[in-house]
Structures are given as C-alpha cells and as structure tokens.
Amino acid sequence: MNAGERLTDANFPAHPEKATLEGKNKFLGFWLFLGGETVLFATLFGTYLGLRNMHLDGPSGEELFSLPLVFLATMLLLTSSLTSVYAVLSLKQNKVRSLQGWFLVTLLLGLGFLGLEIYEFVHYVHEGHTFTSSAFGSAFYSLVGFHGAHVLFGVLWITTLLARNWNRGITLSNAPKYYLFALYWHFVDVVWVFIFTVVYLMGKVG
Amino acid sequence: MANHQQNPETTVHRHEEIQRKLALKEERKHHNVSFVMMILLTIVAFFAIWSDKISDSFAVLFILTLAVVQVFFQLYVWMHLSHKGHDFPIWGMASGILVAAITVASLMGLIWTS
C-alpha cells in the first residue's frame, strides 16, 4: 500500500504512527531527541538556579513575578496538552475532522499562552528587567525565552502540518507526523511545569 | 436461520473492534483523570506558595515533588510511555533525566564551593 494513500476504517492499522519503517524510525529518533532536550533545558535550569539572586540594581524575581498571570498561562498550556492527546485519540480512530478540530484548539491555546508571555516580557522590560540588566535577567530570559521559542516553533509546526494535510485524511505518511507533534507538545508542557515551579513559585519564596 | 450464521472471520474481526473501542474508552478515561490530577497538583502548588502559611524550605521541597509527580503523569499517560513497545523511549528519557539531574547538581555544586 502507498504510504500517502488515505486510510479507510477497514484497513486502519492498530498503530498507524508505527506501521511503516519510516514511522518507527521517526518515533525512536524523536524520543532520543526529547532525551537530549531534557539535558539542554537542564543546563538552562542549572544556570538560572545559580544566578537567580544576582539582580544587581534591577528588580528581583519576588518583586516582578505576578503569580495569577503565570497560573493562567499554566492552565492554558495544561489544557492544550489535553486537547492534543484527544487529537491522538481521534488519530487512532481514523477521525480526521475531529483530529483537526482538537489540534486547532491546541493551536489557539498555544497562541494564547504566547500572547500572555509576550505581555509579561514587555511588562518586565518596562520595569527595568531586560536580558542585559543583570545575570538574573540573562538567565531568566534564556530559560523562559527558550521555552517560549519552543512553543512558537510548535505553533508553526502544527499550522503547517494541518494546512499541508488538510484534505489528505489520515495516511501512513502523515500519522507519525501528527503523533510526534503531540509528543513534542507534551514535552514543552513538561518543561513549563518545571519553569512554573522553579522560576515563578520558588522565585516568590526567595 | 442462515442469516444469523456469521462467518467466523467476521466475528473475530468484530470482536477485535469492540476490544479496541473499549481500550480507547479506557484510555480517554485515563487522560481525563490525568488532566484533573495535573490541574489539582498545580492549584495545590500555587496555594502552597500563595497562602504563605508553609515554611519556605518545606514549601520548595513540596512543590518540587508535585512537579515530579506531574512529569510522570505527562510521560506515562499522555506520552504513552506505559504502552507496549516503549522500552527504547523509556531508556532514552531515563538517561536524559539522569544526565539532566547530574548537570543541575554539578552546576549547583560549582556555585556553592566557589
């Protein structure tokens, strides 16, 4: 069977994302990538933990952070993780419209998160907390900005993935792509859980 | 009566289909439970800090533990690490987390000793 052919309910495999060798390779390779990303973020977390009290004349984290705003951002990202897993459930049932719907909701929630983050950063810059204001500033924007860039990349990824495959149904070629995006999105959420805890909540207790 | 006699192959196929549907229903339930748990853990962590009633050092340990629990929900339920055929991903992530922990520990150690 051609991998680009639209799957029907009759010939739908139990694991469409791993039904081809290419799909299996993508699956393994992507998990290896996520293991590497974990280490990458760990270096940024370690740096931030070491430098978080070195804010020179600028405002400290305790003065800056507004927990309700960050709490709302956390809720948006957690909910988007749930909607992307619903899309994967639709993928397993060959329901392409429902998959597209759930991924669109994920996309909107991701955009909402990005909007809040941009608002937050602009606010901080006005308070005198910039990338070059102190070691705390550099470490903060490296870590949180790097995560934000991951969210932005995810938003662009799902947009192009949905647009390119809008009328193609679910095929053996695009099923692994949808599946990997969901994995990526969950991973970005995992990192955020730690940013919320380590940067914002721990920032409030000094 | 001939109509009622089903081809054994179709029966097997139908049986598999029902099994698969039940499995998916179960999976959806797990996802929903995981979501509610993660929201609750986030709220608990938030109030542990917001209320200011818990001593700082205990609160930090407490919220870090909650974060680790959330990561397991994400990895095992939402990213399907609990499913079959995930041995390689588990080793990949486990070694990633190990190196990550060593990285953070050594960076902190470097700062403390200098």
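Residues numbered from 1 in each chain as written. Chains lettered and ligands numbered in written order. Predicted model: local features only at pLDDT ≥ 70, side-chain atom pairs only at ≥ 80, totals over all residues.

J.: What should I look at first to understand the overall build of chain B in this one?
T.: Along the backbone of chain B there are 3 helices and 0 strands. For chain B, the N- to C-terminal ordering of α and β elements is α-α-α. Its C-alpha atoms give chain B a radius of gyration of 23 Å, more than 25% over the compact-globule value 13 Å for 114 residues. Overall, the C-alpha framework of chain B stretches about 85 × 35 × 10 Å when taken along its three principal axes. Here chain B holds 114 residues, and 23% of them are scored as buried. (Helix = DSSP H or I, 4+ residues; strand = E, 2+ residues; numbered from the N terminus. Rg over C-alpha atoms; globule rule 2.2 N^0.38 Å. Buried ≥ 20, exposed ≤ 12 C-beta atoms within 10 Å, placed from the backbone.)

J.: Looking at this structure, I do not really get the packing of helix α5 (residues 135–164) of chain A against helix α6 (residues 175–205) of chain A. What am I missing?
T.: Helix-helix packing is characterised by the crossing angle of the two axes and by the distance between the axes. Residues and elements named next belong to chain A. At their nearest, the axes of α5 and α6 sit 10 Å apart, and the two run at 160° to each other. Our classification of the angle between α5 and α6 gives roughly antiparallel. Handedness of the crossing formed by α5 with α6: left-handed. Together, L143, V144, H147, H150, V151, G154, W157, I158 and L161 of α5 and K177, Y178, F181, Y184, W185, V188, V191, W192, I195 and V199 of α6 make up the contact between the two elements. The residue inventory of the contact of α5 with α6, partitioned by class, reads 15 nonpolar, 3 polar and 1 charged. (Axes fitted to C-alpha atoms, helices over the stretch in contact; angles between N-to-C directions. Parallel < 35°, antiparallel > 145°, perpendicular 65-115°, else oblique. Left-handed = near helix turned anticlockwise from the far one by under 90°. Contact = placed C-beta atoms within 7 Å. Nonpolar A, V, L, I, M, F, W, Y, C, P; charged D, E, K, R; others polar.)

J.: Looking at this structure, I do not really get unusual backbone geometry. What am I missing?
T.: Residue and element names in this part refer to chain B. Of note in this structure, D52 is not a glycine but carries a positive phi near 65°. Locating D52 in the fold gives a position in the loop between α1 (8–50) and α2 (56–78). D52 gets classed as exposed once you count the C-beta atoms within 10 Å, which come to 12. Even without glycine at this site, H80 takes up a positive phi of about 60°. Inspection of the secondary structure assignment puts H80 in the loop between α2 and α3 (87–113).

J.: Which parts of the structure should I look at to understand the UniProt feature "transmembrane region" (unreviewed entry) in chain A?
T.: Residue and element names in this part refer to chain A. In the UniProt entry, the feature "transmembrane region" (unreviewed entry) is given for residues 28–49, 69–89, 101–119, 139–162 and 183–203. Along residues 101–119, the helical share is 100% and the strand share 0%, with 27 Å between the first and last C-alpha atoms. Split by type, residues 139–162 is 100% helix and 0% strand. Its first and last C-alpha atoms lie 35 Å apart. (UniProt positions renumbered as here; feature names shortened; annotations may be inferred.)

J.: Explain the nonpolar core here, please?
T.: In summary, soluble globular proteins display a tendency toward joint burial of nonpolar side chains. Within the largest apolar cluster, 74 residues are counted, with the highest numbers of intra-cluster contacts made by A87, L143 and A182 of chain A. Every element with two or more residues in this core is listed here: α1 (21–51), α3 (67–92), α4 (96–126), α5 and α6 of chain A together with α1, α2 and α3 of chain B. The dominant element in this core, judged by the number of residues it contributes, is α6 of chain A, at 21 residues. Domain assignment of the residues forming this core places at least three in each of domain 1 (2–83) and domain 2 (85–114) of chain B. (Core = buried A, V, L, I, M, F, W, Y, C linked by C-beta atoms within 7 Å. Domains from an automatic or database assignment.)

J.: How do you make sense of the interface of chain A and chain B when you look at a structure like this?
T.: Where interface size is quoted, it is often the accessible area lost as the parts come together. On the chain B side, the residues contacting the 37 residues of chain A number 37 residues. Elements supplying a minimum of two residues to the side of chain A that touches chain B: α1, α3 and α6 of chain A. Among the elements that make up the side of chain A that touches chain B, the one with the highest residue count is α1 of chain A (15 residues). Class assignment for the residues of the side of chain A that touches chain B results in 21 nonpolar, 13 polar and 3 charged.

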